[in-house]
Amino acid sequence: MARRSWSQTQVARAIGKSPAAINQYLQGKYRGDVAGLESDIQELLNREAEREKSQKLSVSFIRTYTASKCLEVIKMAHLDGEINVIYGDAGMGKTMVMRQYARENRSAVLIEADPGYTARVVLEELCSRLGLNRRGNMHELSDAIINALRDSGRVLLVDEAENLPHRALEVIRRIHDKSGIGVVLAGMPRLIINLKGKRGEFKQLYSRVGFALPLGEVLPREDIDAIATSVLTDAQDENVSDALFNASRGNARRLFKLLRGVHRYSLLNNTRVDAGAVRHFAEMLIN
């Protein structure tokens, strides 16, 4: 408790007991099952000791070849006031790139969409990001956003944009047309279908797109190696590097899961990571 600055309530919650039981135990006045309570406490201590030993692997943004291409597409949209699109399979690093650009550029407005994002939600989210009043009808909200963004030189980044319905995409197009800001939509391949329409009926929307960067389903080997060696020293070993690339299948998200697993194994067992450990953890990942 002293080392972690934990309260008696935190300890009690961690082992499923009442704060009163912990208080009485610490005073030597607990009249319940002392052996059972001490067993729970010992389990907590063991768990926290293991957690300390297996510190979580620190993962940071790496400017890989693919990430650099994505950043360039975002920069073009920002400078030229265009609508650009980045699309590819899950685990290609789209979210990390969008977040990195927003970190490096305070003039960027980042929205991470989810399936519940309607046109109204998009407008309210933008109002919140811009410090505008979220009350009013959709026309009023849209006009307030346009007035705030007009000639601002800003860029709107929308991650997981495949979740947006057509009306929400049209709202973004209107904001782009009337404010002159750049827009980048990033998402899964179905984003392109959503922009075009299943029968090509959304020409007015898709015609606004300047560049559409396809990332495909697999990152190049040099990207996987760069990411792996940046967070795991043992990945510099050729055998480990080969095992990580093969097991990750060129997918950054799968790679991070592998790296965390073998890193934890290495710390707990005080041993170097080898190709066998990588293959072992790969068998436990969902295909």
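As the structure is a computational prediction, the values presented were derived from the model and not from experiment. (Residues numbered from 1 in each chain as written. Predicted model: local features only at pLDDT ≥ 70, side-chain atom pairs only at ≥ 80, totals over all residues. Heavy atoms only, no water.)

**Digging into helix α4 (residues 65-80)**
And step 1. An ideal rise of 1.5 Å per residue puts 22 Å on 16 residues; α4 measures up with 23 Å between its terminal C-alpha atoms.
And step 2. Thr66, Ala67, Cys70, Leu71, Val73, Ile74, Ala77 and His78 are the residues of α4 that are buried. Buried residues along α4 cover an arc of 155° about the axis, so they all sit on one side. Turned more than 90 degrees from where α4 packs its buried face, Tyr65, Leu79 and Asp80 sit exposed.
And step 3. Tucked inside the fold, the buried residues of α4 contact β1 (83-87), α5 (94-104), β3 (155-159), β4 (182-187), β5 (209-214) and α11 (221-231). (Helix = DSSP H or I, 4+ residues; strand = E, 2+ residues; numbered from the N terminus. Expected span 1.5 Å × (residues − 1). Buried < 20%, exposed > 50% of the residue type's maximum accessible area, 1.4 Å probe, protein only. Arc of directions from axis to C-beta. Contact = heavy atoms within 4.5 Å.)

**So, the packing of aromatic side chains**
Each aromatic ring pair is described using two quantities: the centre-to-centre distance and the angle formed by the ring planes.
And step 1. Counted according to the given criterion, the structure contains 1 aromatic pair.
And step 2. Where Tyr265 meets Phe281, the ring centres are 6.1 Å apart and the plane angle is 70°; that geometry is what we call edge-to-face. With a gap of 16 residues between them, Tyr265 in helix α13 (residues 252-269) and Phe281 in helix α14 (residues 275-282) connect regions that are remote in the sequence.
And step 3. Phe281 sits in the buried class, given a relative accessible area of 19%. (Phe/Tyr/Trp six-rings, centres within 6.5 Å; stacked < 30°, edge-to-face > 60°.)

**Points about the domain arrangement of the protein chain**
And step 1. You can read the domains of the protein chain as domain 1 (8-54), domain 2 (65-216) and domain 3 (221-284).
And step 2. Relative placement of domain 1 and domain 3: their C-alpha centres are 36 Å apart. (Domains from an automatic or database assignment.)

**A look at the layout of surface pockets**
And step 1. Considering only enclosed or pocket space, the largest pocket measures out at about 370 Å³ in volume.
And step 2. Looking at the largest pocket, it is lined by 19 residues, and the ones nearest its centre are Gly91, Gly93, Lys94, Thr95 and Arg253.
And step 3. Top contributing element to the lining of the largest pocket by residue count: α13, with 5 residues.
And step 4. Tallied by class, residues from the lining of the largest pocket come to 7 nonpolar, 4 polar and 8 charged.
And step 5. Split by domain, the residues of the lining of the largest pocket number at least three in each of domain 2 (65-216) and domain 3 (221-284). (1 Å grid on protein atoms, 1.4 Å probe; cavity = no way out; pocket = protein on both sides within 12 Å on 5 of 7 lines; lining within 4 Å. Points joined across faces, edges and corners; volume = space filled by probe spheres on them. Nonpolar A, V, L, I, M, F, W, Y, C, P; charged D, E, K, R; others polar.)

**Here's the deal with unusual backbone geometry**
And step 1. A positive phi angle, near 60°, is found at Ser5, a position not held by glycine.
And step 2. Positive phi, normally seen in glycine, also occurs at Glu160, with a value near 55°.
And step 3. Note that Glu160 resides in the loop between β3 and α8 (166-179).

**Some points on the environment of Val171**
And step 1. If you trace the backbone, Val171 turns up in helix α8.
And step 2. On the accessibility criterion, Val171 (13% relative accessible area) is buried.
And step 3. Apart from residues no more than four positions distant in its own chain, Val171 is found in contact with Ala119, Leu123 and Met138.

**So, the pattern of salt bridges**
And step 1. Enumeration according to the criterion identifies 14 salt bridges in this entry.
And step 2. A salt bridge links Arg208 to Asp177, with the shortest nitrogen-to-oxygen separation between them at 3.0 Å. In this pair, Arg208 is assigned in the loop between α10 (203-206) and β5 and Asp177 in helix α8, connecting sequence segments 31 residues apart.
And step 3. The partly exposed category is assigned to Arg208, whose relative accessible area is 26%. (Salt bridge = Lys/Arg side-chain N within 4 Å of Asp/Glu carboxyl O.)

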